[in-house]
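Inside the fold
If you want the building blocks of each chain, they are given just below.
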Amino acid sequence: MLTGGCFCGAIRYEISKPVLDTTICHCVDCRRAAGAPMVAWMTVARDALRFVSGEPARYESNPAVLRQFCANCGTHLTWESDDLPDTIDVSIGSLDAPEQVAPKDHTWTSQQLAWLHVNDELPKYPAAEATGAPD
Ligand SMILES: [Zn+2]
Ligand SMILES: [Zn+2]
């Protein structure tokens, strides 16, 4: 069972099923939503994620995409798309133990910041990976 929550502690969640996918997303929408140069995500089944404390605020970052975050402290928690109705992405940085879930690739590197130099050996994709990644 993976557990996590927001910075202030108002929102807590549990994930009851295995992680299906992971990525570090460099897209401009994730960047602006998180206020960070890139965001690490893990994909899980929607019915695996349960909020056990607090209710996240919601923001439609485009007509098909919903992002949830803590209205009190601003921690970016989830990303979901109408195009991927069975899964939801959860920010790895909001996990209690983020070391447990290592991203396996980089996506949307076509939008990566020029001053950010990533030297790891992970695959890098200019847009979303075929299996569906945050955009
Ligand atoms: Zn919070
Ligand atoms: Zn993104």
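Please refer to the structure higher up on the page.
Residues numbered from 1 in each chain as written. Chains lettered and ligands numbered in written order. Predicted model: local features only at pLDDT ≥ 70, side-chain atom pairs only at ≥ 80, totals over all residues.

A few points about the overall build of the chain
- Of regular secondary structure, the chain possesses one helix and 10 strands.
- Order of helices (α) and strands (β) in the chain, N terminus to C terminus: β-β-β-α-β-β-β-β-β-β-β.
- Dimensions along the principal axes, computed over C-alpha positions, put the chain at roughly 40 × 30 × 25 Å.
- For the chain, the proportion of its 135 residues judged to be buried stands at 34%.
- Pairs at least 24 apart in sequence give 58% of the contacts found in the chain among residues at least 6 apart. (Helix = DSSP H or I, 4+ residues; strand = E, 2+ residues; numbered from the N terminus. Buried ≥ 20, exposed ≤ 12 C-beta atoms within 10 Å, placed from the backbone. Contact = placed C-beta atoms within 7 Å.)

Digging into the environment of Leu116
- Mapped onto the secondary structure, Leu116 falls in the segment after strand E10 (106–107).
- Judged by local crowding, Leu116 falls into the exposed class, with 10 C-beta atoms found within 10 Å.
- Separated by 60 residues in sequence, Leu116 and Pro56 place their C-alpha atoms 30 Å apart.

Some remarks on the nonpolar core
- Counting 25 residues, the largest nonpolar core has Cys25, Trp41 and Val90 as the members making the most contacts within it.
- Residue assignment for this core shows that the elements contributing at least two residues are strand E2 (12–15), strand E3 (21–25), helix H1 (28–34), strand E4 (39–45), strand E8 (76–81) and strand E9 (87–91).
- By residue number, the principal contributor to this core is E4, which donates five residues.
- Dropping the residues within four chain positions of it, Val90 is found in contact with Ile15, Trp41, Met42, Val44, Leu49, Leu77 and Thr78. (Core = buried A, V, L, I, M, F, W, Y, C linked by C-beta atoms within 7 Å.)

Some thoughts on the sheet that holds strand E1 (residues 2–5)
- Across the sheet, which stays open at both edges, the three strands sit in the order E1-E2-E5 with antiparallel pairing between neighbours. Either end of the sheet is taken by a strand with one partner, and the two such strands are E1 and strand E5 (49–53). Averaged over all pairs of adjacent strands, the angle between strand axes in this sheet comes to 25°, irrespective of strand direction.
- Here E1 pairs with E2 via four bridges, running antiparallel. By the bridge assignment, Gly5 is partnered in E2 with Arg12. (Pairing = 2+ DSSP bridges. Axes fitted to C-alpha atoms, helices over the stretch in contact; angles between N-to-C directions.)

As for unusual backbone geometry
- Notably, Trp108 is not glycine yet its phi reads approximately 60°, a positive angle.
- With respect to the helices, strands and loops of the structure, Trp108 is situated in the segment after E10.
- Judged by the 25 C-beta atoms lying within 10 Å of it, Trp108 falls in the buried class.

Notes on the sheet that holds strand E7 (residues 65–69)
- Overall, mixed pairing links the seven strands, which are arranged E6-E7-E8-E9-E4-E3-E10 in an open sheet. Since the sheet does not close on itself, it has two edges, and those belong to strand E6 (57–62) and E10, each with one partner.
- Where E3 and E10 come together, two bridges link them in parallel fashion. In the strand pairing of E10, Cys25 is matched with Thr107.

Things to note about the pairing of E2
- Here E2 shows one buried face, formed by Tyr13 and Ile15, and one open face, formed by Arg12 and Glu14.
- Linking two consecutive strands that pair antiparallel, namely E1 and E2, is a turn of six residues; a positive phi of about 90° is found at Gly9 within it.
- Bridging between E2 and E5 involves four bridges; their strand directions are antiparallel. Note on E5: the bridge partner recorded for Ile15 is Leu49.

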